[in-house]
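Listed below are the residues making up each chain.
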Amino acid sequence: MMAQENNLPQSHLPRLPLPPQIMGSEIGSFAYNTVANRLPDIAQRVIDDNKFPPFIANNLQTLIQELPSGEVRLLKDTAAPDIAAWNGYLKPYLGNNWLDIPWYFAEAYFYRRILEATNYFIPGEWQGFDPFEAQKRLGLLTSSQSIHALSNLVNRWVCSAPERHRSNLITLLYISLWGNRADLSLWPAELGDRSNIEIEREKAYVLADDTDAIADKVSRFKAKRIDFIVDNAGFELFGDLCLVDFLLATNAAKKIHLHLKAHPTFVSDAMRKDIHQTIEFLAQHSDAQVQMLASRWQWYIESDRLRLCEDLFWTSPLAFWEMPDALRQQLSESNLILIKGDANYRRLLGDRHWPFTTPFEDIVTYFPTPMVALRTLKAELASGLKLEQIETLNREDPQWLTNGRWGVIQGNLRF
């Protein structure tokens, strides 16, 4: 249990007793493989993708050599805005190796160490440089065909008759869900376009599907506030922005707050600059339909209908029930919050060993407002599934928890 949980009121915690955290030390698990193998590979890719000077490359090589048996230490970039918070998070784990700390903590710490190694917070040539920029850019370039096709659809849908809004919204929810397959921490952009998704065929892979209830709720919205906790840049972000566009254009939402990472993390996680770069990329596209989207999205930002928000909590190692009171208060003002991606889902569940049949809504009772999670499964945790589903999946697709083929759209709309 993180130290912060000890001081939280019961209303800020899940209704159910908290199970153990997932640890990297669980031999044979995806968590173990991540810490022992995937994280060193990601750090090596950072070296390969960037023309860093020798001292930064050496910093990254040192980080690689620490994994997985090196000792956890305090951060050294003392001018960073999150240094005090991080050193507080680290205090209980100092001297442990990377496997003997909670898995999500190890990953968040790793990406923070990438920034330390690349001088992200230190004044100079490399201050503010995104070490994952090349991967993010390639993620857009390799999905150009899908971007073109979806742009045509969305431009028609925002002008469609009101009786079509419900079905179009549901389709966009599925597109937003499966865009999460483009996570570059699992699949590097050079592996090609993973954005070509056949929605009807893919419905069979949605293990829990609350889209009807979500569409019913949104159909009653008029000029509401909706918040969107974003996950990855690239095609996933494009799909998410298409959903945002539809909600604004049909006036279900008067304003949408996008919650973005304050600095690079988890390879492809979206920052404010990734929003602007995506719009710039679309504006330079040869197709007028794509340019039309870019123009509309830019207008939404300039008119403050689409607000870009950052908070260091989103890059912290904390569970979502440990969010600061000020952020919790901000989110409580929303009429609906959409939460994207596997990492955010893990934080919703505290990255713990919940029985897979535990009702999702019984875990997220602490969340301050109606919410929906759209997640492609890439980690060994789940909730809200039926026992017969689990038995079938274990038999027919042993890697179902981590291979990205399966997804959930789960909500807690009981407010």
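Here, the structure is the one placed above.
Rules of the game
Residues numbered from 1 in each chain as written. Predicted model: local features only at pLDDT ≥ 70, side-chain atom pairs only at ≥ 80, totals over all residues. Heavy atoms only, no water. Helix = DSSP H or I, 4+ residues; strand = E, 2+ residues; numbered from the N terminus. Rg over C-alpha atoms; globule rule 2.2 N^0.38 Å. Buried < 20%, exposed > 50% of the residue type's maximum accessible area, 1.4 Å probe, protein only. Contact = heavy atoms within 4.5 Å. Areas by Shrake-Rupley, 256 points an atom, 1.4 Å probe, with all protein chains shown as cover. Lys, Arg positive; Asp, Glu negative; His and termini not counted. Charge placed at Lys NZ, Arg CZ, Asp CG, Glu CD. Pairing = 2+ DSSP bridges. Axes fitted to C-alpha atoms, helices over the stretch in contact; angles between N-to-C directions. Parallel < 35°, antiparallel > 145°, perpendicular 65-115°, else oblique. Left-handed = near helix turned anticlockwise from the far one by under 90°. Nonpolar A, V, L, I, M, F, W, Y, C, P; charged D, E, K, R; others polar. 1 Å grid on protein atoms, 1.4 Å probe; cavity = no way out; pocket = protein on both sides within 12 Å on 5 of 7 lines; lining within 4 Å. Points joined across faces, edges and corners; volume = space filled by probe spheres on them. Phe/Tyr/Trp six-rings, centres within 6.5 Å; stacked < 30°, edge-to-face > 60°. Arc of directions from axis to C-beta. Polar contact = N/O pair within 3.5 Å; in protein donor to acceptor, adjacent residues only side chain to side chain.

## Re the overall build of the protein chain
Piece 1. Across its full length, the protein chain carries 16 helices and 7 strands.
Piece 2. Relative to the compact-globule value of 22 Å for 415 residues, the protein chain shows a C-alpha radius of gyration of 21 Å, a close match.
Piece 3. When each of the 415 residues of the protein chain is scored for burial, the buried share is 60%.
Piece 4. Sequence-distant contacts in the protein chain: of pairs separated by 6 or more residues, those separated by 24 or more amount to 80%.
Piece 5. Looking at the protein chain as shown, the accessible area adds up to about 16300 Å², and 51% of this sits on carbon and sulfur atoms.
Piece 6. Between the averaged position of the 42 positive side-chain charges in the protein chain and that of its 51 negative side-chain charges there is a distance of 5 Å.

## What about the sheet that holds strand β4 (residues 306-310)?
Piece 1. The strand order across the open sheet formed by 7 strands is β1-β7-β6-β5-β2-β3-β4, and the pairing between neighbours is mixed. Two strands bound the open sheet, and with one partner strand each, they are β1 (206-209) and β4. On average, each strand axis in the sheet is tilted by 15 degrees relative to the strand beside it, whichever way the strands run.
Piece 2. As paired elements, strand β2 (residues 224-229) and strand β3 (residues 253-260) share 6 bridges and run parallel to each other. From the neighbouring strand, Ile229 faces β3, where its bridge partner is His259.
Piece 3. Its contacts with the sheet place helix α11 (residues 272-283) against β3 and β4, and it is angled at close to 145 degrees to β4.

## Some points on the packing of helix α7 (residues 165-179) against helix α9 (residues 211-219)
Piece 1. Relative orientation of the contacting elements α7 and α9 amounts to 130 degrees, with a least axis distance of 10 Å. Looking at the two axes, α7 sits oblique to α9. Helix-helix and strand crossings are classified by hand; for α7 and α9 the assignment is right-handed. Along the contact surface, α7 presents Arg166, Leu169, Ile170, Leu173 and Tyr174, while α9 presents Thr211, Asp212, Ile214, Ala215, Asp216 and Val218.
Piece 2. Of the residues assigned to the contact of α7 with α9, the class counts are 7 nonpolar, 1 polar and 3 charged.

## Here we look at the pairing of strand β7 (residues 407-412)
Piece 1. Of all the 6 residues making up β7, 6 are buried; the element is thus mostly covered by neighbouring parts of the structure.
Piece 2. Of the two faces of β7, both are covered, the one formed by Gly407, Ile409 and Gly411 as well as the one formed by Val408, Gln410 and Asn412.
Piece 3. In terms of strand pairing, β1 meets β7 through 3 bridges, oriented parallel. Along β7, the bridge assignment pairs Asp209 with Ile409.
Piece 4. Sheet analysis places strand β6 (residues 371-376) next to β7, joined by 6 bridges and oriented antiparallel. Counterpart to Met371 in the pairing with β7 is Asn412.

## Observations regarding the layout of surface pockets
Piece 1. If you add up the space inside the largest pocket, you get close to 220 Å³.
Piece 2. As for the largest pocket, its lining consists of 14 residues, of which His165, Val218, Ser219, Thr250 and Ala252 are closest to the centre.
Piece 3. Among the secondary structure elements, those contributing two or more residues to the lining of the largest pocket are α7, α9 and α10 (235-249).

## Section: the packing of aromatic side chains
Piece 1. Under the criterion given, the structure shown has 25 aromatic pairs.
Piece 2. Here the aromatic rings of Phe235 and Phe238 are separated by 6.0 Å at their centres, their planes lie at 35 degrees, and the arrangement is tilted. Of this pair, Phe235 and Phe238 both sit in helix α10, 3 residues apart, which is roughly one turn of the helix.
Piece 3. Residue classification places Phe235 among the buried residues on the basis of a relative accessible area of 5%.
Piece 4. On the basis of relative accessible area, Phe238 is assigned to the buried category, the value being 0%.
Piece 5. Ring-pair connections join several aromatic residues into one group, and the members of that group are Trp86, Tyr89, Tyr93, Trp98, Phe105 and Tyr109.

## Comments concerning α9
Piece 1. What α9 keeps buried is the set Thr211, Ile214, Ala215, Lys217 and Val218. All buried residues of α9 project into a common sector of 160 degrees when viewed along the axis, lining one side.

## Describing the side chain of Asn168
Piece 1. Within the secondary structure, Asn168 is located in helix α7.
Piece 2. A distance of 3.5 Å separates the side chain of Asn168 from the side chain of Trp157, its partner in a polar contact.
Piece 3. Here Asn168 is in contact with Trp157, Ser160 and Phe246, once residues within four sequence places are set aside.

Note that every value here comes from positions in space, so none of it alone points to a role or purpose.
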